[in-house]
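What follows is each chain in one-letter form.
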Protein chains: 2
Amino acid sequence: MPEKEIKKDKINLHHGSGGEHTTKLLNDVIFKYLANPILNQKHDGAFLDIQGKLAFSTDSYVITPIFFKGGNIGELAVNGTVNDLSMCGAIPKYLSLAFIIEEGFDHDDFVEIVKSIRAAADKAGVYIVTGDTKVVQKGKGDKIYINTSGIGVIHEKANIHIDSIQDGDALIINHAIASHGMAIMSEREGLKFESEILSDTANLNKLVESLIDKFGNQIHFLRDATRGGLASVLHEITAECKMGVHLFDDQIPVDTQVKSACELLGLDPLYVANEGVFVCIAPNEIAKDIVQLLGDLGESPSIIGNVSSSVNGKVILESSYGGKRVVSPLIGEQLPRIC
Amino acid sequence: MPEKEIKKDKINLHHGSGGEHTTKLLNDVIFKYLANPILNQKHDGAFLDIQGKLAFSTDSYVITPIFFKGGNIGELAVNGTVNDLSMCGAIPKYLSLAFIIEEGFDHDDFVEIVKSIRAAADKAGVYIVTGDTKVVQKGKGDKIYINTSGIGVIHEKANIHIDSIQDGDALIINHAIASHGMAIMSEREGLKFESEILSDTANLNKLVESLIDKFGNQIHFLRDATRGGLASVLHEITAECKMGVHLFDDQIPVDTQVKSACELLGLDPLYVANEGVFVCIAPNEIAKDIVQLLGDLGESPSIIGNVSSSVNGKVILESSYGGKRVVSPLIGEQLPRIC
């Protein structure tokens with residue numbers, strides 16, 4: 001019986017061996033599409049010449065499906081880590097990239113993902129400088145998982161810190177919430193809407209850099225509202241800063257299609273994941289200027305509430321009719337593997 | 001029917017939600033056992049104050065079994081990335097840590113792994129400064145996968161580069177090969193030997209720092225012989241430096257038990273993974289001094305061969321009887337998921 005032929009169009013365990021197949025996969029895909037002067041050194045690690053205070057962040061991406069309306073796991077993996085660095089007030093510079101691939105994964109899909117990674121890195125202005133590729137047996141993964149870690153240089157005017165948050169500070173978000181989560185859910189549930197819901201995956205570093213360029217340390221705090229949605233990120237913030245938050249219900253933008261999809265599936269958009277929404281906390285006096293700047297940069301920003309020491313640790317949602325309710329923390333899992 | 005109770009002793013999808021269960025897992029395990037001044041900031045990324053030229057590296061660890069003789073996946077994940085940085089001539093400083101956990105994974109095992117991570121980080125003198133935890137459904141992972149990425153400061157006397165390698169340079173390794181791979185294989189195959197074979201997982205940064213302290217840029221090149229073993233790492237080096245390598249067969253140390261296990265399983269120790277072996281390439285004139293220093297530091301080093309421009313790209317194994325054979329690159333996968 002002839003030795004089992006290695007199918008050319010699938011990734012298999014040999015590609016994770018560290019031997020010839022690994023070398024070929026790296027040369028044919030990784031080094032081909034991600035080439036840059038640092039990655040090209042092909043060392044175990046990258047040599048970086050970088051000055052200033054740094055931010056360092058990591059995230060693994062296990063989203064399913066890996067291709068979705070508005071993006072794919074590769075693009076998400078770049079944007080997600082770029083954004084985490086941005087939320088530290090850093091200018092993202094370098095990313096690492098590590099794949100865990102399930103045996104049998106389609107080679108063409110892998111190439112498409114790597115190409116998206118390159119495109120997203122170019123758009124954000126970062127280099128992929130070092131990486132790793134592992135292959136696990138069928139049934140021990142799910143197509144592909146990606147980890148990116150990133151290094152950024154802290155903007156010299158930035159002083160983003162939980163302790164910088166002041167009583168009365170305004171909360172501003174850059175655009176409508178819940179698109180990413182509902183794009184993924186629509187895909188999973190096979191829902192059709194008049195217009196497609198697209199993930200809002202995007203790099204936020206250019207927006208953040210502009211904000212800090214202009215407002216410096218008046219930008220007190222930044223955080224992107226990813227897993228667990230806006231509600232979860234606000235709960236994290238209130239837990240850490242020992243103050244509460246008042247939200248203005250009718251100022252929190254949700255696109256019509258997204259709202260419909262949420263209602264259909266019985267989901268509260270406040271808990272639905274975003275991949276391009278961030279919360280900016282800054283003095284009320286400059287809130288409108290921040291909205292103006294973000295609007296000029298093509299966003300649809302909104303002042304959604306303010307920080308209040310009178311509701312320690314709580315997130316209070318106020319309707320335009322004066323109704324109030326406490327937004328509870330997310331218990332359990334609303335949408336598994338959303339990022 | 002009552003709502004399905006969440007078993008306290010297993011990790012489930014809720015722990016990956018970004019909500020309350022995630023926060024609890026982080027507080028009860030991650031922040032508890034890995035606490036340090038930088039991680040304690042609990043931001044999306046870590047703020048680092050670091051000077052000099054940097055090295056940056058990443059690796060995902062998918063080893064099975066996750067607990068093995070001589071170590072576990074957590075310890076391995078720290079040592080592996082510490083070692084990759086060391087091989088760049090860097091002094092490792094900061095690691096990121098990202099988990100992909102399969103639903104149903106034992107909570108106690110998770111705690112044990114995190115404790116090992118702390119112990120390994122302390123031993124290597126690095127901080128875990130930022131992290132991520134994802135949970136995937138049962139059958140979409142295999143207990144736990146770990147990514148670590150690391151940042152190190154290049155030793156000011158170091159100039160480790162493939163172009164630094166000179167014709168005639170000696171190859172020195174620090175101790176016997178193939179222990180890690182055979183420890184894992186023995187475990188998988190249920191083999192018993194008179195004395196147990198232990199993985200050689202260890203942090204190499206202290207050894208490398210001592211070497212560079214003493215020999216500076218005379219240390220031309222360093223690489224750890226992990227996945228694919230000594231043969232694969234030599235093939236990578238020869239492919240990049242456009243020279244070849246002569247190996248002295250009887251100078252390559254393999255422990256007796258390891259040799260027996262290799263013979264039993266029909267494996268060539270040259271291709272078997274190590275987690276604590278590195279190849280140091282340096283001028284022949286200082287090879288004995290390097291051996292002396294490594295010996296003083298508790299290693300069992302050996303001069304195993306030299307670089308030769310006369311055998312471009314080839315790895316030639318010479319026996320003490322004058323026999324020669326070409327060591328071929330590793331084709332296919334010898335030991336899947338060895339790291």
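Fair warning: this is a prediction, and the values are worked out from it, not measured in the lab. Per chain, residue numbering runs from 1 following the sequence as it is written. The lettering of chains begins at A and the numbering of ligands begins at 1, in the order of writing. Since the coordinates come from a predicted model, pLDDT governs what is reported: local features require at least 70, and pairs of side-chain atoms require 80 or more to be given and counted, while whole-chain, interface and lining totals use all residues. Side-chain descriptors were evaluated using all non-hydrogen atoms of the structure, hydrogens and water having been removed beforehand.

### Brief notes about the overall build of chain A
Phase 1 of the analysis: Secondary structure elements follow DSSP: runs of H or I no shorter than four residues count as helices, runs of E no shorter than two count as strands, and numbering proceeds from the N terminus. Helices and strands together make up the secondary structure of chain A, namely eight helices and 16 strands.
Phase 2 of the analysis: For chain A, whose C-alpha radius of gyration is 21 Å, the value lies close to the compact-globule estimate of 20 Å for 339 residues.
Phase 3 of the analysis: The dimensions of chain A, computed from C-alpha atoms along their principal axes, are 80 × 50 × 35 Å.
Phase 4 of the analysis: Each residue's exposure class comes from its accessible area (1.4 Å probe, protein chains only) as a fraction of the maximum for that residue type: buried when under 20%, exposed when over 50%, partly exposed otherwise. The 339 residues of chain A split such that 60% are buried.
Phase 5 of the analysis: Whether two residues touch is decided by their heavy atoms; if any such pair falls within 4.5 Å, the residues are in contact. When contacts within chain A are restricted to residue pairs at least 6 apart in sequence, long-range pairs at least 24 apart make up 86% of them.
Phase 6 of the analysis: Note on areas: Shrake-Rupley, 1.4 Å probe, and residue coverage restricted to the protein chains presented here. In the form shown here, chain A has an accessible surface area of approximately 13,100 Å², with 48% of it arising from carbon and sulfur atoms.
Phase 7 of the analysis: Both charge centroids of chain A, one from 31 positive and one from 45 negative side chains, sit 4 Å from each other. With C-alpha atoms as the basis for the radius of gyration, the globule rule is written as 2.2 Å multiplied by the number of residues raised to the power 0.38. In this tally Asp and Glu are treated as negative and Lys and Arg as positive; neither His nor the chain ends contributes. Charged groups are reduced to one reference atom each: NZ for lysine, CZ for arginine, CG for aspartic acid, CD for glutamic acid.

### Details of the relation of the copies chain A and chain B
Phase 1 of the analysis: When chain A is fitted to chain B, the residual RMSD is 0.0 Å, and the transformation amounts to a turn of 180 degrees plus an axial shift of 0.0 Å. Taken together, the rotation and translation describe the operation of a two-fold axis. Residues of chain A ranked by C-alpha distance from the rotation axis are headed by A:Gly141, positioned 2.2 Å from it.
Phase 2 of the analysis: Looking at the interface residues of chain A, 100% of them are also at the interface in chain B, so both copies use one shared face. Least squares is the method used to superpose the copies, on C-alpha atoms of residues holding a pLDDT of at least 70 in both.

### Digging into the domain arrangement of chain A
All names here are of chain A.
Phase 1 of the analysis: Segmentation of the chain into domains, including their bounds, is taken from an automatic or database domain assignment. Examined at the domain level, chain A breaks down into domain 1 (13-154) and domain 2 (162-326).
Phase 2 of the analysis: Measuring from the centre of the C-alpha atoms in domain 1 to the corresponding centre in domain 2 gives 28 Å.
Phase 3 of the analysis: Facing the 21 residues of domain 1 at the interface are 23 residues of domain 2.
Phase 4 of the analysis: Using a 1.4 Å probe, buried area is obtained as the accessible area two parts lose upon being combined, added over both of them. Between domain 1 and domain 2, the buried area comes to about 1,900 Å², and carbon and sulfur atoms account for 56% of it.
Phase 5 of the analysis: Any carboxyl oxygen of Asp or Glu within 4 Å of a side-chain nitrogen of Lys or Arg constitutes a salt bridge here. Taken together, the links from domain 1 to domain 2 amount to two salt bridges.
Phase 6 of the analysis: Here a polar contact is taken to be a pair of N or O atoms separated by no more than 3.5 Å, where protein atoms must pair a possible hydrogen donor with a possible acceptor and residues adjacent in sequence count only if both atoms sit in side chains. There are seven residue pairs in polar contact (both at pLDDT 80 or more) connecting domain 1 and domain 2.
Phase 7 of the analysis: Taken together, the elements giving at least two residues each to the side of domain 1 that touches domain 2 come down to β4 (67-68), α2 (73-86), β6 (90-102) and α3 (107-124).
Phase 8 of the analysis: Residues that form the side of domain 1 that touches domain 2 fall into these classes: ten nonpolar, seven polar and four charged. Nonpolar residues are Ala, Val, Leu, Ile, Met, Phe, Trp, Tyr, Cys and Pro. Charged residues are Asp, Glu, Lys and Arg, and all others, Gly as well, are polar.

### Side note on the interface of chain A and chain B
Buried accessible area, meaning the area lost when the parts come together, often serves as the stated size of an interface.
Phase 1 of the analysis: Across the boundary between the two partners, chain A contributes 75 residues, which contact 75 residues of chain B.
Phase 2 of the analysis: When the two sides are added together, the surface that chain A and chain B hide from each other amounts to roughly 6,000 Å², 55% of it contributed by carbon and sulfur.
Phase 3 of the analysis: Where chain A touches chain B, the interface holds six salt bridges.
Phase 4 of the analysis: Broken down by secondary-structure element, the contributors of at least two residues to the side of chain A that touches chain B are α1 (20-34), β2 (46-48), β3 (54-61), β6, β8 (127-136), β9 (144-154), β11 (221-224) and α6 (229-241) of chain A.
Phase 5 of the analysis: A breakdown of the residues in the side of chain A that touches chain B according to their chemical character gives 30 nonpolar, 27 polar and 18 charged.
Phase 6 of the analysis: The pairing of β3(A) with strand β2 (residues 46-48) of chain B spans three bridges and is antiparallel. What sits directly across from A:Leu54, in β2(B), is B:Leu48. By definition, two strands form a pair when at least two bridges between them are found by DSSP.

### So, the packing of helix α2 (residues 73-86) of chain B against helix α3 (residues 107-124) of chain B
All names here are of chain B.
Phase 1 of the analysis: Where α2 contacts α3, the two axes come as close as 7 Å, and the packing angle between them is 30 degrees. Judged by the angle between their axes, α2 and α3 are roughly parallel. Between α2 and α3 the crossing geometry is right-handed. Residues Ile 73, Gly 74, Glu 75, Val 78, Asn 79 and Val 82 of α2 lie in contact with α3, whose contacting residues are Ile 113, Ser 116, Ile 117, Ala 120, Ala 121 and Ala 124.
Phase 2 of the analysis: Looking at the contact of α2 with α3 residue by residue, the class counts come to eight nonpolar, three polar and one charged. To define axes, lines are fitted to C-alpha atoms, for helices over the stretch in contact only, and angles between the resulting N-to-C directions are given on a 0 to 180 degree scale. Comment on the angle field: the value is read as roughly parallel under 35 degrees, roughly antiparallel over 145, roughly perpendicular from 65 to 115, and oblique elsewhere. Crossings are assigned a handedness: left-handed for a near helix turned anticlockwise from the far helix by less than a right angle, right-handed for a clockwise turn.

### Focus on the sheet that holds strand β11 (residues 221-224) of chain B
Residue and element names in this part refer to chain B.
Phase 1 of the analysis: The strand order across the open sheet formed by seven strands is β11-β13-β10-β14-β12-β15-β16, and the pairing between neighbours is mixed. Each edge of the sheet is formed by a strand with only one pairing partner; in this case those strands are β11 and β16 (324-326). Neighbour-to-neighbour, the strand axes of the sheet open up by a mean angle of 25 degrees, direction not taken into account.
Phase 2 of the analysis: Two elements, strand β15 (residues 315-318) and β16, share three bridges in a ladder whose sense is antiparallel. Within β16, the residue paired with Ile 316 across the bridge is Val 326.
Phase 3 of the analysis: Here helix α8 (residues 287-296) sits on the sheet in contact with β10 (170-173), β13 (278-282) and β14 (302-308), set at roughly 10 degrees to β10.

### Concerning the side chain of A:Ser60
Phase 1 of the analysis: One can find A:Ser60 in strand β3.
Phase 2 of the analysis: By relative accessible area, which is 2% here, A:Ser60 ends up buried.
Phase 3 of the analysis: Aside from chain neighbours lying at most four places away, what touches A:Ser60 is A:Ile146, A:Asn147, B:Ala98, B:Ile100, B:Asp132 and B:Lys134.

### Topic: the sheet that holds β2(A)
Phase 1 of the analysis: If you trace the five strands from one edge of the open sheet to the other, you get β2(A)-β3(B)-β9(B)-β6(B)-β8(B), paired in mixed fashion. The sheet is open, and its two borders are formed by β2 of chain A together with β8 (127-136) of chain B, each paired with just one other strand. Along the sheet, successive strands turn relative to each other by an average axial angle of 20 degrees, direction set aside.
Phase 2 of the analysis: Summarising the sheet, strand β3 (residues 54-61) of chain B and strand β9 (residues 144-154) of chain B pair through eight bridges and their orientation is antiparallel. Residue B:Asp59 lies in a different strand from β9(B), and its bridge partner there is B:Thr148.

### Side note on unusual backbone geometry
Residues and elements named next belong to chain A.
Phase 1 of the analysis: In the segment running from Thr 64 into Pro 65, the intervening peptide bond is cis, with an omega of 0 degrees.
Phase 2 of the analysis: Positive phi is not limited to glycine here, since Lys 242 has a value of about 60 degrees.
Phase 3 of the analysis: Within the fold, Lys 242 resides in the loop between α6 and β12 (244-248).
Phase 4 of the analysis: Residue classification places Lys 242 among the exposed residues on the basis of a relative accessible area of 59%.

### Points about the pairing of strand β15 (residues 315-318) of chain A
All names here are of chain A.
Phase 1 of the analysis: Of the strand pairs in this sheet, β12 and β15 are connected by four bridges, and their pairing is parallel. Counterpart to Phe 248 in the pairing with β15 is Glu 318.
Phase 2 of the analysis: Hairpin remark: β15 followed by strand β16 (residues 324-326), antiparallel, with five residues in the connecting loop; positive phi at Gly 322, about 90 degrees.

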